[in-house]
Each structure stands twice: as structure tokens, then as C-alpha cells.
There are 2 protein chains.
Amino acid sequence: MNALPDGRVLTDPDVIDSYARDRTFLEPGKPLGAVLATSRDDVVTTMKWASEHQVPVVPRGGGTGLAGASVAGDGAIILSLAKMTAIRELSPADEIAVVEPGVITADLDRAAREHGLMYAPDPSSYQISTIGGNLATNAGGLRCVKYGVTRDSALGLEVVLADGRVLNTGRRTMKGVTGYDLTGLFVGSEGTLGVITAATVRLRRAPAGPPATFAAEFGSLRDAGAAVSAIMAAGCQPSLMELLDRATLEAINDLRNFGLEAGTTAMLIGQSDASDGQAVAERMERICMENGASFVAVSSSPQETEELIGLRRMAYDAKERLGACLVEDVCVPRSVLPDMITAIEAAAARHGVRICTVAHAGDGNLHPVFIFDRGSAEPPAEVWAAADDIFTHALELGGTLTGEHGVGLLKQRWLAMEAGPVAAEVQRGIKAVFDPLGILNPGKAI
Amino acid sequence: MNALPDGRVLTDPDVIDSYARDRTFLEPGKPLGAVLATSRDDVVTTMKWASEHQVPVVPRGGGTGLAGASVAGDGAIILSLAKMTAIRELSPADEIAVVEPGVITADLDRAAREHGLMYAPDPSSYQISTIGGNLATNAGGLRCVKYGVTRDSALGLEVVLADGRVLNTGRRTMKGVTGYDLTGLFVGSEGTLGVITAATVRLRRAPAGPPATFAAEFGSLRDAGAAVSAIMAAGCQPSLMELLDRATLEAINDLRNFGLEAGTTAMLIGQSDASDGQAVAERMERICMENGASFVAVSSSPQETEELIGLRRMAYDAKERLGACLVEDVCVPRSVLPDMITAIEAAAARHGVRICTVAHAGDGNLHPVFIFDRGSAEPPAEVWAAADDIFTHALELGGTLTGEHGVGLLKQRWLAMEAGPVAAEVQRGIKAVFDPLGILNPGKAI
């Protein structure tokens, strides 16, 4: 690693430790060191050295992952891309930007908005997570019910391969089918196929005004789920459609008292950013009433809207105050959302586990958060048993283990249930094409 | 091939010949036979036999390809999926369908519309092309300026691999990040990685009413290009935005006289299917006037609209009357659309070649069609020279060789210019994972 300038390589174990973790409870091993790359050349140097010495490399961005993909093990080199923060180009005419992986997601969005554009993907962590991390996990977010996930905004990539070669994938154009879709292959591959050092991303026209927002309270989760189905079926095209269960609402209410009513079992928050958004929000309000909402209100001011969305964005922090968290991420076909919610409640009761659920309801993507004693190094057996029930049920309903957080380390134990042996073999084959020595983030994703 | 029932295997050379071609001028070789598969099991049987005997297999759908991807060579087995036409499932609640590869694209769209939904991708050939072929080429179309290409509607696939194993990729859910994106890898791979035997595709809410449509005539192609940029930058989100040059308009006018004016150099046809579509169409009309249109009209009736769109859909047939056609498919960043149009005109003049261009202008995707003497087996040297100029210029402008037709055989000679050696090597590596014997559509796509 002598080829890297001073200050780019950290070896103090106490310092390294903070680079070895993500937002899960998982304990890292003892990595060799951490490289703070500032350029593509630093990444090339690191990968050549790692290949030569057959040392595992764990790439990372903001460290906000919820599945352990950037938790570093013994003897690994941590490769942080967080200092590669240049927005190399932003073209309003072509509605694209070329960015380095360390750019904070919200920063790109802000830069785009100066030109009347936006960067659509907005994982809940978007104020602290990086584009590189978003690409590595194919992050979703609140707006993706209308605008799609990170994959849908990724046009092309610059990638450093395991042996230090530089690969350019994709394009700057809206469409393109030259060769296999390598861009799509890297998105969501959790740093196991290469290290992304730049991305060409699609921007979109930002809506002209602020979105119209409604909130609805329900006495029954099933009613809330039915309202979501009805709203989507009515073609309302919400730009946000979030569901919070009672346990989540209580946790938020404890953190910031918003006057949670005794009979409220679920809250639905929805937005429309269409040009006729106010009318759409009122239509969604009516559909909620028709589906048994106990209270519905369309927000009358941007402040009120911000407060509502603020409550939702507070959900994870509120839960972290309750104890250690295992955050899950099942996604099911939208029509069975109520069934999945019922199954989560049943699993919580059956195993005596505390679970708070929020859902990107318009996508059928649920985040059951298992709360357990902060003293435990690992979730206790009953948490795993409840998670097991939930995953099994999600797959039976035609769902998937992970809608947007990725497999990382946490979902390895259930991976075979979903993917099957042929897919597993094919994926190992692909991995070997890009990383024959198996040094890129070993043990993650597949 | 004895395992296949009677009637599924054709060996008469005259009959086979019609299965060995696509819509290009390319002459096929002498294939061994054609299998008309009616089920996944037929495909499995065929692939096992082909693997055992190391015989190349050329999968095909409707045979409407424009790049030679389904043109069969000497000694190959043609594997037609055209008889696998079942819509296995259509779920209005989840807005998905599970379809076999031989389903005609327009048939799926029609089936969806019975439930207030639509299947968005609509290549110009959608009345005769198949979902399988659309997936194999990642087909675009007229509506993809708003709704994305085939990839954006593909959620999961059932694929028979070269050795007959069955692989299931993807999901039924709106989001999902379990493992690598194998679905995306197969889409656009032109039958070189596996044979798609079913697809789970996303449907979308159909607009409530017919789209509002405008047509604008320009005396200058550059003005028309500038109008497109201005319309997109104004956030109009057209659901269709097509540009036809003078040569194309003349060819269409010859076929069906629509009163083409002497001074008209380009026509722009645009639609909005938004709920306030009429207002948007009028806004687009104004923008055209501001950008020098000589005549603009918003359509006043569905009949008038149908006639206008009919003119556009007639473009390819009109050109085929002029001679043999080489259809190209460059895509450039939208802002340089006028430059690309100018470059095409210059190449036509420089090499004395007749080129008619239509463009999915909102995407920067241009189809210059080179007309040459039907007597020639191959386009003459000046056509290739002009094509060469156009591709070189497209790449210089940050564009790509193919926006939606694929590489097939026709674009092999330029592939290295765009992809570069690292990408080429990686793609060969991926191909080898899926098809180690190299029997799946050899010589195509990569």
C-alpha cells in the first residue's frame, strides 16, 4: 500500500473499528486497515495491491446499511469511498449527472433542484447515505412508489474490477442496448463484483410546487391495507404512500408527542406531486374514508406537511431508543399487504417479540423492526424464530426477502429459500468472472 | 429430437427458410431444422439435445428483428417460441401478468386494457412482435419516452439454460434485491444466455381517456430538434414524441397522400396522456410555435389522432416500398439531437446515399433508414461508409450504437468502438457461465 499517499491508509485499530460497522448490531472482525480513497487511482492501487496479496476488500460509503454488507471481517481492507464527493457533471439539458460514489444522496438532489430537476431515489437515510452505497444495495425509498428504485436512475457506471482494471458500463443516453446490461448487474451487487468509482444517473423534472399530503388514521391495519390497494387501483399514482403500525406510532409519540389517539392502530401518509395534486390528495382522502379510516386530513400548509413527513422519517430513530434493532425488509405483491401485516402481528404474538412495522405500502415493501435487549450481542432465538416465520410467509405470498436493503450478511441464512440452487450456481459463476480470487466483499450478497 | 412429438420439428428446407430470417436483408444459412415449441418442456428437450450434440440454437419470436439476431446460420436448430402464447395469469390487483414468450405484444396490451391497465412497451412492430422477442432485444417503442423500455416492465423470468436446466429470476413484487439482477441480464441478451419461456411483467394503469395529440411542421430539422428539447425541459412529460424527416414524409405521402407541403422539412407528433392532457398538448403546441414551426395543430378528434399516429406507424412500410432497407438505431443525449440529425444529413450527402430518418425524439433515439437497390444481396459500400460516419459521430456525441433494436449481426462491426476491451472480455466471461459450449445464438449480441 506504499503507493498510496500519506493519510489515505488508516491502521489504528480503534479508528478502523468505526469504519468496520454499518447500522446493524453486527460486530466486525479485526480488519487490517482502512483506505480513504480520494480518486479512482486510489481505488485502482488498492485493488491491485489486494489482488496481489489476496486480501479481502470491503467497500463502503456512508455506513448506513441495514443488512451488514459493509461490516468488515478479520484481515480485510476497508475501502471507503466517502471522500470521493465530486459531482463531475450536471447537465440540465440532458437531465443527467455524473457523480462520484461518496456524494451524499440528498446533496445530489439539492444540486439538481437548482436546475428544476431532482434525483428521485430517497432512501430514509438519504441525508447521510451515499450514491455509491445506494447503488450497491439498489436502494429504494419513499418516492420510489412513483419514480422507481436506484436501478431505474442508473444509466452508466465506472467500475474498478478486483484486479484493478477499469470497466465502463452503460451510457449517457435514455436508452441503449449495446451488449449485456452490466450496469444493472453491478447495481445491488453489494460491492461483490467491483468498486463503483463514478455513476451517470438520470435526473427528473422536479414537480412545480410542493406535494399535496394527507394522513389517515385507522382502527385496523387491514382497513389501512385495503385503502392502499384501493388508492393504487384508482390510478392515483401517489408519490409517497407510507404505512405506520401502532407500535411504531407509539415509539414516535414517545419521542415527539403528536397526540396519538387510543384507538389508532395504523396511520397512512400519502402524497401526490402531480400538477393536480390537491385534487388527487382529496381523492385519496375519500378512498380512506370509504375504507374505514377514523380520521383523515389533507395537509393545509407546507409546515404541516413537513411535520407529517418528519414523523415518518423519525421512525427508525424512535425505534432505536427502544433497544437494539433488527430491521427487516420483506416485499410482497401489493394485494396481499394486509395478509403480510397480519402474519407479522401473529409472529410477534407467537414468539413474544416486540415488532414495530413501517411500510412503503404502495410498493408492498414492509420493514418489520424487531426490538431486543441492547445487552445481547445477537438477537435472541425468539427474534430469529419470528423472522423465520415472517420470511417463510412472505415467500409463500409470492414475496421476496428484501425489497431494498439487500442481503448483506443478515439474510444469508434465508437466501437459499428464495433463490434456489440453479440461481445460486449461476450467481457464483458470475462472481467468479469478475472476482476470480474472491477478494471483493466475500460472504455478502449471494 | 425424437423426444419431441410429431409436428414440432420441421426439416423441409423451404419451410425452414421462412423461420431463418428476420426483417433485415440478411440471408440465412442452411439450418438443420426448426422446433416449434409449445411448452417449456419442449424447450428443455431441445436444449438438452442441442447440448448433447453441440448444435447451435437460434431462438426466435415473431421474426420482426431489425438487427439480424434471429437470422439462423448453417447447421443450426431454430427454436421458435411463437406458439407459446398463453397469458398464464393477469392480476389487476397486483398489476402484473405472467406470460409466455409467444404472446403478441399488442395482445397483452389489449388483455390488460380490459382491466383498466396497459402493457406500456410498444415497439412499432407491436401488432406482430412477441413479448419474448421484445425481452430479448429490450425493445423500446413510442410510449417509452414516458414509460420506459421493456426492461422497465420485466419483473421476473423463467429461463431454460443451454444445458436444459430451468432458472427462475426476479420476482412478482414491485421491488426486490435478492441476489444479482439476473432478470436485467437476460433482457437484451438476444437469446445468447438462455431461452425465456415465461415472463412476469408489470402492467400500469391505463390513462382514463384518449391522449391529446398535436402535430407540428417545421421548415428546419434543427428547429424541430430545438422544440423537442424545449418541450422536455418544460416538464411536459409527453407520452409520445416522434420526429419524421422530409424523406420519410415523402415516402409516407407517396403511400397515402396527406397533403405534404413543399416547405415542410420535418414533422413532430406528440401526445400527452395526462389527466390534463389537452392543456399539455396546447402548451407543447405553443412551444413549437416559439421554436419556428410553420404549422401546428392539436388534434380535435380521436379519428384525427388515429390518422396522425397511423402516419407514423406507416413509416417503415413506406420505406420498404422504396427499396431494400438498412435500419439503424443510434441514440444520443437529447440535447444533441439536432447535431445528430445534421450529421445524418451530411453523411447522406457525402456518400450519395438515400437516408430517411424517424426518431423517438424525446429519447434522442434516431432511426436513419438507408435505402438501397433491392437487387443487391448486401448494402453497397457507400451505405456502409455512411453508416460508419453516423456511428462514429453518435459515439462522439456521447451516444450509443443501438437504442432499442439490439446488436444482432448488423452492428457487430462497430461493437468494439463502443464497448471497449474490458467490457468485451467481461461479457464473454458471462456468456461462458451460462453457455459454456457456445451453442446459444452464437455470434450475436456481444
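What counts, and where the lines are drawn
- Residues numbered from 1 in each chain as written.
- Chains lettered and ligands numbered in written order.
- Predicted model: local features only at pLDDT ≥ 70, side-chain atom pairs only at ≥ 80, totals over all residues.
- Heavy atoms only, no water.
- Domains from an automatic or database assignment.
- Salt bridge = Lys/Arg side-chain N within 4 Å of Asp/Glu carboxyl O.
- Helix = DSSP H or I, 4+ residues; strand = E, 2+ residues; numbered from the N terminus.
- Buried < 20%, exposed > 50% of the residue type's maximum accessible area, 1.4 Å probe, protein only.
- Contact = heavy atoms within 4.5 Å.
- Buried area = accessible area lost by both parts, 1.4 Å probe.
- 1 Å grid on protein atoms, 1.4 Å probe; cavity = no way out; pocket = protein on both sides within 12 Å on 5 of 7 lines; lining within 4 Å.
- Points joined across faces, edges and corners; volume = space filled by probe spheres on them.
- Nonpolar A, V, L, I, M, F, W, Y, C, P; charged D, E, K, R; others polar.
- Phe/Tyr/Trp six-rings, centres within 6.5 Å; stacked < 30°, edge-to-face > 60°.

Lay out the domain arrangement of chain A with the relevant residues and their values.
Domain assignment breaks chain A into domain 1 (9–80), domain 2 (87–205), domain 3 (209–321) and domain 4 (323–435). Computed from C-alpha atoms alone, the centre-to-centre distance between domain 1 of chain A and domain 3 of chain A is 39 Å.

Tell me about the pattern of salt bridges, residues and numbers included.
The full count for this structure, using the stated rule, is 56 salt bridges over all chains. A salt bridge links Arg143 of chain A to Asp122 of chain A, with the shortest nitrogen-to-oxygen separation between them at 4.0 Å. Pair noted here: Arg143 of chain A is in the loop between helix H4 (131–137) and helix H5 (144–147) and Asp122 of chain A is in the loop between strand S7 (117–118) and H4, with a separation of 21 residues, a long-range link. As a salt-bridge pair, Arg88 of chain B and Glu158 of chain B come within 3.4 Å of each other at their nearest N and O atoms. Taken together, the residues Arg88 of chain B in strand S5 (residues 87–91) and Glu158 of chain B in strand S8 (residues 154–160) connect sequence positions 70 residues apart. By relative accessible area, which is 41% here, Arg88 of chain B ends up partly exposed. Each member of the salt-bridge network shares a partner with another, and the members are Asp109, Arg113, Asp122, Arg143 and Arg313 of chain A.

Describe the interface of chain A and chain B, with residues and values.
Taken residue by residue, the interface counts 71 residues in chain A and 71 residues in chain B. Summed over both sides, the interface between chain A and chain B buries roughly 5300 Å², with carbon and sulfur atoms accounting for 60% of that surface. Per-residue buried area on chain A facing chain B is highest for Lys175, Val177 and Tyr180 of chain A; these three make up 18% of the total on that side. Linking chain A with chain B are eight salt bridges. One salt bridge in this structure joins Glu404 of chain A and Lys175 of chain B, with 2.8 Å as the shortest N-O distance.

So what's going on with the environment of His351 of chain A? Residues and values would help.
All names here are of chain A. Along the chain, His351 turns up in helix H12 (residues 337–351). Spatially, the C-alpha atoms of His351 and Thr46 are 46 Å apart, while their sequence positions differ by 305 residues. Apart from residues lying up to four places away in sequence, His351 is in contact with Glu382, Ala385, Ala386 and Asp389.

Lay out empty space enclosed by the protein in plain terms, naming residues and giving numbers.
By the definition in use, this model includes five cavities of 30 Å³ or more. Its volume calculated, the largest cavity comes out at about 50 Å³. Lining the largest cavity are Val332, Pro333, Arg334 and Asp363 of chain A together with Asp94, Arg172, Thr173 and Met174 of chain B. Class assignment of the residues belonging to the lining of the largest cavity gives a composition of three nonpolar, one polar and four charged.

Please give an account of the packing of aromatic side chains that cites residues and values.
Summed over the entire model, instances satisfying the criterion amount to nine aromatic pairs over all chains. Between the aromatic rings of Phe186 of chain A and Phe434 of chain A, the centroid separation amounts to 5.3 Å while the plane-to-plane angle is 80 degrees, which identifies the pairing as edge-to-face. Pair noted here: Phe186 of chain A is in helix H6 (residues 182–186) and Phe434 of chain A is in helix H14 (residues 412–434), with a separation of 248 residues, a long-range link. Just as Phe186 of chain A is buried, Phe434 of chain A falls in that class too. With 5.6 Å between their ring centres and 85 degrees between their planes, Phe25 of chain B and Phe372 of chain B make a pair best called edge-to-face. One end of the pair, Phe25 of chain B, is in the loop between helix H1 (13–19) and strand S2 (33–36); the other, Phe372 of chain B, is in strand S18 (residues 365–372), with 347 residues separating them in the sequence.

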